[in-house]
Amino acid sequence: MLLAIDTATRQISLALYDGRRVLVECTWRTAHQHTVELAPQAALLLRRAAVTPETLSGIAVALGPGSYTGLRIGLGFAKGLALAQRLPLFGVPTFDIVLHAQPPGVERVVVLLEAGRGRMIAGAYFWNGRRWMPDGQARVLDWAALAAEVQTPTVICGEWDSVRPDELRALHGRATFASPARSVRRAGDLAEIGWERLQRNEADDPATLAPLYAGQPEGQPR
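Residues numbered from 1 in each chain as written. Predicted model: local features only at pLDDT ≥ 70, side-chain atom pairs only at ≥ 80, totals over all residues. Heavy atoms only, no water.

## Considerations on the sheet that holds strand S5 (residues 89-93)
Then, in step 1: An order of S3-S2-S1-S4-S5 is seen for the 5 strands of this open sheet, with the pairing classed as mixed. What marks the edges here is a single partner per strand, and that holds for strand S3 (22-29) and S5. Geometrically, the sheet is characterised by an average inter-axis angle of 15 degrees between neighbouring strands, direction not taken into account.
Then, in step 2: Where strand S1 (residues 2-6) meets strand S4 (residues 58-64), 4 bridges bridge the pair, whose relative direction is parallel. By the bridge assignment, Ala4 is partnered in S4 with Ala60. (Pairing = 2+ DSSP bridges. Helix = DSSP H or I, 4+ residues; strand = E, 2+ residues; numbered from the N terminus. Axes fitted to C-alpha atoms, helices over the stretch in contact; angles between N-to-C directions.)

And the structure:
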């Protein structure tokens, strides 16, 4: 049984996965109450599935990019539980969670995460026939800068629900938007990625695993 934890932004998601099905999943939007809400909701999730921490086989956690506070709280909680129960820990880039829900074959995708003050963390990806590959580094920018850069057909997914209608019109004919269901970062997707790594024994070292922030090369913790 694998526990998945995503607190990268104000959207928090938790899930339990046994390799065949998502037993229970909870996703909600917090008013910057990560510290208060995470531990009780994780405990409730385990109770609903009649699972104890001692019976877990691994933990997957969203690694970033995202908010400084959200990432630190989620990673700290995951590390503490992994060390206490001697469980393998798997850090997964936040963009990978959103991309896991996107259909293959789209030429280019831009994943957005909210960064506050009207800004977004944007990561561009292209499909190489087998997997999503990053097209440059993640960056923090506003909507006008993003609209100016999108010149080829692009699918936009992730956290873009706060964008104004006039800002959306600036991308008319150049971008389409993933459905709300495919834009939600679900811990069920995170759990599937973590489970695959569990089967390959590709665990991270809790002592050195650190958050990823916008502008860092993917997979290179600071």
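Here the narrative resumes, following the displayed structure.
## Overview of the confidence of the model for the chain
Then, in step 1: Considering every residue of the chain, the mean pLDDT works out to 90; 96% of them sit at 70 or more.
Then, in step 2: For residues 217-222, every residue scores under 50 in pLDDT, and the model assigns this stretch 16 contacts once sequence neighbours within four places are set aside. (pLDDT = per-residue confidence, 0-100. Contact = heavy atoms within 4.5 Å.)

## A word on the pattern of salt bridges
Then, in step 1: Scanning all chains against the criterion turns up 11 salt bridges.
Then, in step 2: For Arg186, the salt bridge identified is with Glu25, shortest N-O distance 2.8 Å. Remark: Glu25 occurs in strand S3 and Arg186 occurs in the loop between helix H6 (180-183) and helix H7 (187-199); sequence separation between them is 161 residues.
Then, in step 3: A salt bridge links Arg29 to Glu114, with the shortest nitrogen-to-oxygen separation between them at 2.9 Å. (Salt bridge = Lys/Arg side-chain N within 4 Å of Asp/Glu carboxyl O.)

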